[in-house]
Amino acid sequence: MNIVLLHGSWHGAWCWHKVVPLLQARGHQVHVPNLPAHGRHWRVARGRTTLSAMAAHVCRVLDALDGPALIVAHSRGGIVASTVAELRHHKLVGVTYLAAYMLRHGERVTDFFRQDKTSLVARHIHVSRSTLTDQLAPEAYRPALYADCSDADVALAQALLTPEPSLPALTRLALTAPRYGSVPRHYIELTQDRAVTIELQRKMIAASPCATVSSIEASHSAYFSQPQRLADTVHQIAGFR
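The structure reproduced in this document is the subject of the present report. (Residues numbered from 1 in each chain as written. Predicted model: local features only at pLDDT ≥ 70, side-chain atom pairs only at ≥ 80, totals over all residues. Heavy atoms only, no water.)

Evaluation of the coordinates by the stated rule reveals 11 salt bridges. Here aspartate 232 makes a salt bridge to arginine 26, at a shortest N to O gap of 2.7 Å. Highlighted residues: aspartate 232 in helix 11 (residues 227-238) and arginine 26 in the loop between helix 1 (19-25) and strand 2 (29-31), separated in sequence by 206 residues. For aspartate 232, a relative accessible area of 22% gives the class partly exposed. We note a salt bridge from arginine 88 to aspartate 63, for which the minimum N-O separation is 2.9 Å. Separated by 25 residues along the polypeptide, arginine 88 in the loop between helix 3 (77-87) and strand 4 (92-98) and aspartate 63 in helix 2 (residues 51-63) bring together distant segments of the chain. (Salt bridge = Lys/Arg side-chain N within 4 Å of Asp/Glu carboxyl O. Helix = DSSP H or I, 4+ residues; strand = E, 2+ residues; numbered from the N terminus. Buried < 20%, exposed > 50% of the residue type's maximum accessible area, 1.4 Å probe, protein only.)

Take a look at the structure:
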């Protein structure tokens, strides 16, 4: 199975480094793109990067594959995955939201920031109007994102996190039932998450019922703290028919 892993805010393809070999060992072809304005080229376009640009980049990845794919999207990467599902529904066997923003037509991430009252991200995020980017305050990295992660994991993240383009979070999703709605949705809850809280995760699941819902007792970055459990869960979803 082709599996495309999409990172969330401030991260890059590097955050999946523990999960990729575990999925490959299960026989999957794993594809891990850096979204535009992330990774080595994070300074390129930065605040001018749109949701459409991010989705177009993933569409090009899908178009180059032999056979359909399962997308696994983390956190804010969920809105990229949903937009891709609208554009390339025929290329997908499903979209898996890993503690991700699974929004409906017309909704946007910024509105959900305000609803997630106990999220540590909402109270520690800094938005730059001059660069149209946002960042999390460094003192919130561990409690908000890496509460159950090792010191080595946190040090890696601190060295590699970059500002996030803000325009995608301000963009209302344009989704239709015949296209996006035809792609099976799966959700992996992270029950100890203090970035996208379990309360918000379950609110989104209730609003957009999924084919499967799985739970991992982990904080926001299960790809660091529980890579084997996460890989096993994704493998099970990849076999769903």
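Turning our attention to helix 7 (residues 151-160). In an α-helix, one turn spans 3.6 residues; hence positions three or four apart end up facing the same way. Of all the positions in helix 7, only Asp153, Val154 and Ala157 are classed as buried. Relative to the axis of helix 7, the buried residues are bounded by an arc of 95 degrees and lie together on one face. What points out from helix 7, more than 90 degrees from its buried face, is the exposed set Asp151, Ala152 and Ala159. For helix 7, the secondary structure elements touched by its buried residues are helix 6 (141-145) and helix 10 (222-225). (Arc of directions from axis to C-beta. Contact = heavy atoms within 4.5 Å.)

Turning our attention to the packing of aromatic side chains. By the definition in use, this model includes 6 aromatic pairs. Ring centres of tyrosine 97 and tyrosine 187 lie 6.4 Å apart, and the angle between their planes is 10 degrees; this geometry places the pair in the stacked category. With tyrosine 97 in strand 4 and tyrosine 187 in strand 8 (residues 185-190), this pair connects stretches of sequence that are 90 residues apart. A single burial state applies to tyrosine 97 and to tyrosine 187, both of which are buried. Summarising the aromatic geometry, the rings of tyrosine 146 and phenylalanine 224 are spaced 6.0 Å apart at their centres and angled 35 degrees between planes, so their arrangement reads as tilted. Here phenylalanine 224 lies in helix 10 and tyrosine 146 lies in the loop between helix 6 and helix 7, a separation of 78 residues in the sequence. Each of the two residues, tyrosine 146 as well as phenylalanine 224, counts as buried. Put simply, the rings of Trp14, Trp16, Tyr146, Tyr223 and Phe224 touch in pairs and so form one group of aromatic residues. (Phe/Tyr/Trp six-rings, centres within 6.5 Å; stacked < 30°, edge-to-face > 60°.)

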